[in-house]
Amino acid sequence: SQKIEQNSEALNIQEGKTATLTCNYTNYSPAYLQWYRQDPGRGPVFLLLIRENEKEKRKERLKVTFDTTLKQSLFHITASQPADSATYLCALDEYTGRRALTFGSGTRLQVQP
Amino acid sequence: EAGVAQSPRYKIIEKRQSVAFWCNPISGHATLYWYQQILGQGPKLLIQFQNNGVVDDSQLPKDRFSAERLKGVDSTLKIQPAKLEDSAVYLCASSLASGINNEQFFGPGTRLTVL
């Protein structure tokens with residue numbers, strides 16, 4: 001069956017360190033993958049999109065990699081800050097007739113000052 | 001630019017009652033989505049509209065859930081009758097189109113509690 005796996009346990013890191021979050025998937029062939037941030041009581045906010053033919057994408061302190069062989073995406077936040085504390089969701093789009101995102105359950109990041 | 005608006009923000013009902021949620025997408029966005037997010041899970045797509053037509057409702061429990069998007073702008077999602085397992089946050093999102101660059105903009109959600 002199709003599955004998207006993100007670490008269910010919270011990731012705790014010290015301010016200034018690099019946070020790395022993992023998104024693994026099985027039985028999908030995504031055309032692209034998106035990462036969203038969600039704060040408590042709010043809707044998700046789009047961060048980055050990476051296509052299947054792209055290896056890496058950067059935006060300010062954020063970096064996303066996409067390895068279609070390993071079926072994995074890594075999301076990095078460099079020089080992390082307490083304000084980066086949130087839940088981060090990955091979402092896949094398979095570009096089939098059904099154009100819809102399928103979300104993982106998210107990983108909660110806690111950056112300690 | 002105004003974001004996606006949703007109301008109400010919170011709703012508490014008893015099982016077997018009915019409830020309706022309203023969404024106003026970002027102006028000019030042709031595609032509108034309704035998601036259900038159960039605590040501890042990611043959002044799950046219920047229905048997707050392109051203008052006022054349904055693109056995908058394969059995961060909508062049609063025996064109790066219904067949605068419409070009149071005039072291709074605002075949308076309402078209804079549950080009738082509600083079950084305990086419908087307790088969740090209902091998120092509305094919109095995007096310019098349903099193409100490959102479909103960054104989705106989410107509203108704040110409606111938290112539904114079914115007692």
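First, a word on scope: everything that follows refers to the structure included in this document. Bear in mind that the values here come from a model prediction, so they are computed numbers and not experimental data.

**Quick notes on the pairing of strand 7 (residues 65–68) of chain B**
Residues and elements named next belong to chain B.
Part 1 of the argument: Sheet topology places strand 7 next to strand 8 (residues 75–79); 4 bridges connect them, and they run antiparallel. When the bridges of strand 8 are listed, Phe65 appears paired with Ile79.
Part 2 of the argument: If you look at the hairpin formed by strand 7 and strand 8, you'll find 6 residues sitting between the two strands, and Lys71 has a positive phi there, around 60°.

**Overview of the state of the cysteines**
Two cysteines joined by a covalent bond between their sulfur atoms form a disulfide.
Part 1 of the argument: Counted under the stated rule, the structure contains 2 disulfides over all chains.
Part 2 of the argument: The side chain of Cys23 of chain A participates in a disulfide bridge whose partner is Cys90 of chain A; the two sulfur atoms lie 2.0 Å from each other. Given an S-S torsion of about 60°, the disulfide between Cys23 of chain A and Cys90 of chain A has right-handed geometry. Residue Cys23 of chain A is located in strand 3 (residues 19–26), and its partner Cys90 of chain A is located in strand 9 (residues 86–93); the two are separated by 67 residues in the primary sequence.
Part 3 of the argument: The exposure class assigned to Cys23 of chain A is buried, which follows from its relative accessible area of 0%.
Part 4 of the argument: A relative accessible area of 0% places Cys90 of chain A in the buried class.
Part 5 of the argument: The disulfide bridge from Cys23 of chain B ends at Cys92 of chain B, spanning 1.9 Å between sulfur atoms. Linking Cys23 of chain B and Cys92 of chain B, the disulfide has an S-S dihedral of approximately -70° and is accordingly described as left-handed. Taken together, the positions of Cys23 of chain B in strand 3 (residues 19–24) and Cys92 of chain B in strand 9 (residues 88–95) put the pair 69 residues apart, joining distant regions of the chain. For the pair formed by Cys23 of chain B and Cys92 of chain B, the shared burial category is buried.

Reading the values: rules and limits
Residues numbered from 1 in each chain as written. Chains lettered and ligands numbered in written order. Predicted model: local features only at pLDDT ≥ 70, side-chain atom pairs only at ≥ 80, totals over all residues. Heavy atoms only, no water. Pairing = 2+ DSSP bridges. Helix = DSSP H or I, 4+ residues; strand = E, 2+ residues; numbered from the N terminus. Disulfide = S-S within 2.5 Å. Buried < 20%, exposed > 50% of the residue type's maximum accessible area, 1.4 Å probe, protein only.

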